[in-house]
Each structure stands twice: as structure tokens, then as C-alpha cells.
Amino acid sequence: MGRLFVVNLEGKIYSCKHCRTHLALYDDIYSKTFHCRHGKAYLFNKVVNVSLGEMEERMMTTGLHAVADIFCVGCGSIVGWKYETAYEKAQKYKEGKAVLERYKVSGPDGSNYWISHEAHVGGSDADDA
């Protein structure tokens, strides 16, 4: 394995809660209305310092999508997923965007999100569809 190249962001930053590697900027949030099986999740236009897992088709609350899990390059923790393909026309806006699960990242103010007991246990997706 070669030397790890990590992008350092400036501004309001979301980072891996385990190793503090920078993942995204507050300004790159597309939507805060997403949910995952552990609670809140945010859709970002751009994320950095992640590696992609294998693409797979998943049935989510808004339909079938081709997605790939994303992992922090600093520690290998899964931090969310990336939408590769949305099969329904109304969901095409998600393609190429990434979701960071809020409980797996620290917010710009250093805050962490804790799993609520009411968190959805089914498939992950937005609640605004």
C-alpha cells in the first residue's frame, strides 16, 4: 500500500467521527431530509477522502437504486453510500451524490449525532419522496 493522500478542507467541515478525517463541507449539502437505518443522513454534492465499495442494487423507500458504500480512507469505517444510478425518473437528481450517515460523522461544530430509539430499521433513503 502506498502513501495515503488526504484532502484537507477549510470551512465548516463534516469529518469521520472515528479518526477526524475530513469528508465534506457544509456548503456541499444538497439535502438534510434523508434517513438511514440509524437515523438522520445528509445528501452531499461532493465528498472527499472516501473509497467506494462494490456497486449493488438496493431497494430503498424511494425505489430501486444502484449504490456503493463509501468508506473513510483514514480508518476504513463505512460512513455512507453513493448513488450511482436511480432507475426512477423522479430520483435521477441523486445520481453521483453521496449520503453521509449523521451518526458516523462529526459536525462542523464537533457535535456527534446519537442514534435515536425511533430510528428507521428498514432500507435507507430519503423521506421526502
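Before reading on, note that the structure itself is shown above.
Residues numbered from 1 in each chain as written. Predicted model: local features only at pLDDT ≥ 70, side-chain atom pairs only at ≥ 80, totals over all residues. Heavy atoms only, no water.

Asks: Quick question: what am I supposed to make of the pairing of strand 5 (residues 50-60) here?
Replies: Within a regular beta strand, the side chains point alternately toward one face of the sheet and then the other, so they alternate between its two faces. Examined bridge by bridge, strand 5 and strand 6 (residues 63-72) share nine bridges and lie antiparallel to one another. The partner of R58 across the bridge, within strand 6, is H65. Hairpin connection from strand 5 to strand 6: two residues lie between these consecutive antiparallel strands. (Pairing = 2+ DSSP bridges. Helix = DSSP H or I, 4+ residues; strand = E, 2+ residues; numbered from the N terminus.)

Asks: Would you mind going over the nonpolar core with me for this structure?
Replies: Nonpolar side chains in soluble globular proteins tend to end up buried together. Ranked by size, the top nonpolar core spans 13 residues in total, and within it Y14, L23, F44, V79 and L100 carry the most contacts. Listing elements by their share of this core, those giving two or more residues are strand 1 (13-16), strand 2 (22-25), strand 4 (39-44), strand 6 and strand 8 (98-101). Beyond its immediate stretch of four places on either side in the chain, L23 contacts L9, Y14, S15, C16, V47, V48, N49, V50, V79, L100 and V105. Counting nine residues, the second-largest nonpolar core is a separate cluster that includes C36, A41, Y83 and V99. (Core = buried A, V, L, I, M, F, W, Y, C linked by side-chain atoms within 4.5 Å. Buried < 20%, exposed > 50% of the residue type's maximum accessible area, 1.4 Å probe, protein only. Contact = heavy atoms within 4.5 Å.)

Asks: What is the right way to look at the pattern of salt bridges in this model?
Replies: A side chain of one charge can pair with a side chain of the opposite charge when the charged atoms of the two come close. Across all of its chains, the model carries four salt bridges by this definition. The shortest N-O distance in the salt bridge between R58 and E56 comes to 2.5 Å. Looking at E56, the relative accessible area reads 38%, which means it is partly exposed. For the salt bridge of K104 with E101, the shortest nitrogen-to-oxygen distance reads 3.6 Å. In terms of burial, K104 and E101 fall into one category: buried. Counted as one network, the salt bridges with shared partners bring together E56, R58 and D69. (Salt bridge = Lys/Arg side-chain N within 4 Å of Asp/Glu carboxyl O.)

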